[in-house]
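Here is what each chain is made of, one letter per residue.
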Amino acid sequence: MFGSAGRGVRAATATCAWSLALLGCAGAPASEAPRAVARAGASVSPAAAPTPGPGEVPAALLPDNRGPFFPSLTQVAGTIAGADLADTTACASCHTEIAAQWQASAHAFASFNNPIYRASIERFRSARGNETSRFCGGCHDPSLLVDGALDVAVAARDPRAHSGVTCRTCHQAEHATFDGNGSYRLAATLLTGPDPESPASVAAHKVAARPATLATAQLCGSCHRAFLSEATGQPHYLQGTDDNGPWLHSVYAGSAVMRVDDEVSERTCSSCHMPSERATRPDPAADAAGMVRSHRFLGGHTWLAAIRGDEDTTARVQAFLRGVVSVDVAAATILPLGTGAPGEGLGEHAPADAAPLRAGQRVVFDVVVRNESVGHHFPGGTRDAQDTLVELQLLGNSGELLAAPAEPHRLGSAMLDEHGVPQWAREIEDLRAVGYDHTIAPRDARVVRFAVDVPEDMTDWPIKAVARVLHRSRTEALREVTCAEGRSREGKAFAAITAKWTGEHIDACAPQPVTELARAEVWLGAGAPVSTDSQRDARRLYVRGLGLLHEVQEQVGRAGASFESALALADPGDPRLRAAIVSGLAAVAGQQGRAEAAASLADEAAALLPGHPAPAWLKGQAYSAVWRWEQAIAPLRSAAEAAPKDALAHAALALALGSAGRASEALATAQRGLASGARRNYDLLRLQALALADLGGADVQAAMAAQLDHRPNDDAPNWRAACQEASPACARERVPVHTHALVWR
């Protein structure tokens, strides 16, 4: 289903007899999966599962919690000194362009020299102990981690605390996985510069500096996925940052099961965040055209650039961000207000252009934001720290402000503590559960509603509705905490050393830049221009339908109405768009439990665009939703085969196979999903354990323990309910599509 495959898998799971067989064990003691936790020394490599013989049950694929720096999963194939890992001068002496780019990047300011990070990690270390903070170190502080220096206080004058993610961190990584928490292994042989007078030495250096794992999604993903667990002081496993999962489930990683979409090229982390850039300094890494792979690693760090006073990087990041999402005022619903409201024009107008709004009426706008080109959720990274805003303003025809939000909508998530209180300043030590998440998956859309009452004395028509998406990289609560840390004795000491060593003048209290990412305007009321581009309007209605698929179950029919309107406008000569819209109708039918209607619509979409896997996925999900497992298997198998790296596609197929009594096939499918980069995916771990229990696998207890270790916390619904009861804002935000008030000025 569009943007909600996990919801579809879990919804079916909740009532599936196969799942209940194991959920009954949840309260019983379970044996722990074996863990070897070493404080220092040589790395511990995960044992390879033996190949099963004929008729033998395969061994379980289990998450690996071993390593010398656990709870970081970073390993070293031998030993390496932190000072050597921190050193960038040897590389910079030749690679002047790349070194200069890196010096302006978030990677160079990933450690204690970053006041945003330092405010969070020092609070965590105070609450959970220094050694526990090693789980941060593999990604933020590898130079400190490999020396065991995170186990003690970190001094401002320690060069390792200012090194961040250095050249050797990436260029010496000989192995990496999607597991997260720094799940990479460094080669023990120190990467050194070549003899520039020896072609053979230069050639050997180029080979050594480009290990097979360099620039792979696994290397990036080893840090851009993180989790909390009992090892970090939390009472239960909690998935944190995860840019890998959404990418693997997206068209950018080759999975087109989610929806029929525009033709979108596959892209990796490096193709987006390390594009080719013309070198302005001599650099042997430049190609014949003078281009190098950018080492700026541009993302969303506008505030970090501002903290450093780096106007050039701020401008580059802002340019990188503009246009990654789109926004549209897609519909206006006009309602009567009071006794004097005229009756003409009442009802929904989609698109909203020229809606016949009049004085004395109430209007509810559907503003639609779509993730156009971000290969993971938008905003991504630490979603609870993100502060991207969606706002709608009404302007008079002379440009004067008439109405604005009492509170804009925030694209981000809320993490709750054990009392259900949202934590806005990266209080990692207190995080227990996700309260809500309004970030947008790749190529997906979200609807945000705004409502306003038009005064009865309003006479100046038409009026303009302006929707904008505004980016701030961090919450105001986190900005305040960071500012206070920057003014502390330690904060000033770190800033002074940074200025002395790099010339960077850190101002932890610098204002956050606000970047307009997208804007849309429509006119309403008497004299407003009417939209005449039917094909553009068909797409607008289709994208609105995608957003409305996230409504509560009782309202998902609104998505169907939007898709129907889009289909009426769509060009018969555009089979891809029509297939996308019909697929949307199939998704609606599937969510409503109308399996045969969903299957028929999926077949219609498949006929319009033969060979596309999304219709098969929709058909399989529709049959699964009503427990028609045997009918679900074939289409879900087709979808999973078309998306070999997509964990959700494998989980859906494994669920159908297991529920149909085909445990051996279910096990093989679940393990393909686990091996694809989702070793800690709860659904796949649970499905593996169920299959092993049915088949009598030798390590079924370890598999059961692993799935219980990663099971969603049983108390999470209570914490969300407490948040909702205590806060009207939390109650509102927990509704997927909700309404914000505009205040007439």
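Counting from 1, residues in each chain are numbered in the order their sequence is written. Local features in this predicted model are restricted to residues whose pLDDT is 70 or higher, and side-chain atom pairs enter the listing and the counts only when it is 80 or higher, whereas totals over whole chains, interfaces and linings include all residues. Side-chain metrics rest on all non-hydrogen atoms present in the structure, leaving aside hydrogens and water.

Participant: Help me get a handle on the overall build of the chain, residues and values and all.
Facilitator: The numbering of helices and of strands both runs from the N terminus, where a helix is a DSSP run of H or I of at least 4 residues and a strand a run of E of at least 2. Scanning the chain from N- to C-terminus turns up 29 helices and 20 strands. Taking 745 residues into account, the globule formula puts the C-alpha radius of gyration at 27 Å, and the chain, at 27 Å, falls close to it. With respect to the principal axes defined by its C-alpha atoms, the chain has extents near 80 × 65 × 55 Å. Burial statistics for the chain: of 745 residues in total, 55% are counted as buried. All accessible areas in this document rest on Shrake-Rupley with a 1.4 Å probe, and a residue is counted as covered only by the protein chains that are shown. As displayed, the chain has an accessible area near 29,000 Å², and 55% of this comes from carbon and sulfur atoms. If the 68 positive side-chain charges of the chain are averaged to one point and the 81 negative ones to another, these points end up 2 Å apart. Radius of gyration: over C-alpha atoms. The globule rule applied is 2.2 Å multiplied by the number of residues raised to the 0.38 power. Think of it in three bands: with a 1.4 Å probe and only protein chains considered, a residue is buried below 20% of the maximum accessible area for its type, exposed above 50%, and partly exposed in between. Just so you know, the count uses Lys and Arg for positive and Asp and Glu for negative, and it drops His and the chain ends. In plain terms, the charge of a residue is placed at NZ if it is Lys, CZ if Arg, CG if Asp and CD if Glu.

Participant: How would you sum up the pattern of salt bridges? Please name residues and give values.
Facilitator: We define a salt bridge as a side-chain nitrogen of Lys or Arg found within 4 Å of a carboxyl oxygen belonging to Asp or Glu. Tallying each qualifying case throughout the model produces 52 salt bridges. Ionic pairing is found between D87 and R168, a salt bridge with its closest N-O pair at 3.7 Å. In this pair, D87 sits in the loop between α3 (82-86) and α4 (89-92) while R168 sits in helix α9 (residues 167-171), placing the two residues 81 residues apart along the sequence. On the accessibility criterion, R168 (4% relative accessible area) is buried. The shortest N-O distance in the salt bridge between R662 and E630 comes to 3.1 Å. With a gap of 32 residues between them, R662 in the loop between α24 (647-659) and α25 (663-675) and E630 in helix α23 (residues 629-642) connect regions that are remote in the sequence. One network of salt bridges, in which partners are shared, links D261, D262, R370, E372, R443, R539 and D574.

Participant: Explain the confidence of the model for the chain to me, using residue names and the numbers behind them.
Facilitator: Caution is warranted with low-pLDDT regions, since their predicted coordinates should not be read in detail. Mean pLDDT for the chain: 91, with 92% of residues reaching 70 or above. Every residue carries a pLDDT, the predictor's confidence in it, which falls somewhere between 0 and 100. Contacts were defined at the residue level, with two residues in contact if any of their heavy atoms lie within 4.5 Å. For residues 1-49, every residue scores under 50 in pLDDT, and the model assigns this stretch 120 contacts once sequence neighbours within four places are set aside.

Participant: An account of α25 is requested, with residue identities and associated values reported.
Facilitator: A helix is expected to span 1.5 Å multiplied by its residue count minus one. Over its 13 residues, α25 extends 18 Å from the first C-alpha to the last, a length consistent with the 18 Å expected when each residue adds 1.5 Å. When α25 is considered as a whole, its buried residues turn out to be A663, A666, L667, T669, A670, Q671, G673 and L674. The positive-phi residue at the C-terminal boundary of α25 is G677, with phi of around 130°.

Participant: If you had to explain empty space enclosed by the protein to someone new, which residues and values would you point to?
Facilitator: Only protein atoms enter the calculation, which uses a 1 Å grid: trapped sets of points that fit a 1.4 Å probe without letting it out are cavities, open sets showing protein on both sides within 12 Å along at least five of seven lines are pockets, and any residue with an atom within 4 Å of a point is a lining residue. Grid points are joined across faces, edges and corners, and a volume is the space filled by probe spheres set on the points. The final tally for this structure, using the stated rule, is three cavities of 30 Å³ or more. As for the largest cavity, its lining consists of 14 residues, and the residues nearest its centre are A104, A106, H301, T313 and V317. When contributions to the lining of the largest cavity are tallied by element, the ones reaching two or more residues are α14 (302-307) and α15 (311-321). Under this grouping Gly is polar, as are all residues other than the nonpolar Ala, Val, Leu, Ile, Met, Phe, Trp, Tyr, Cys and Pro and the charged Asp, Glu, Lys and Arg. Tallied by class, the residues present in the lining of the largest cavity amount to seven nonpolar, five polar and two charged.

Participant: Can you lay out the environment of R316 for me, pointing to particular residues and giving the numbers?
Facilitator: Within the secondary structure, R316 sits in helix α15. Since its relative accessible area comes to 32%, R316 is described here as partly exposed. For the pair R316 and L298, spaced 18 residues apart in sequence, the C-alpha separation works out to 7.7 Å. Discounting chain neighbours no more than four positions away, the residues touching R316 are E277, R296 and L298.

Participant: I'd love a proper account of the sheet that holds strand β16 (residues 433-437), names of residues and values included.
Facilitator: By definition, the strands of a sheet pair up through backbone hydrogen bonds, in either a parallel or an antiparallel sense. Criterion used throughout: strands pair if DSSP finds at least two bridges between them. The three strands lie next to each other as β15-β14-β16, forming an open sheet whose pairing is antiparallel. Lying at the two open borders of the sheet, with one neighbouring strand each, are β15 (422-423) and β16. Helix-sheet contacts for helix α28 (residues 716-726) involve β14 (413-416), β15 and β16, and the interaxial angle to β16 is about 55°. Only the stretch in contact is used when a helix axis is fitted, and all axes are lines through C-alpha atoms; the angle between N-to-C directions ranges over 0 to 180 degrees.

Participant: Could you give an account of helix α19 (residues 557-569), with specific residues and numbers?
Facilitator: For α19, which comprises 13 residues, the first-to-last C-alpha distance of 19 Å matches the rise-based estimate of 18 Å (1.5 Å per residue) to within 8%. Along α19, the positions that sit buried rather than exposed are A559, G560, S562, F563, A566 and L567. Down the axis, α19 shows its buried residues gathered within 160° of arc, on one side only. In this structure, the buried side of α19 is in contact with α18 (534-548) and α20 (575-591). Directions are taken from the helix axis to each C-beta atom, and the arc is the one they span.

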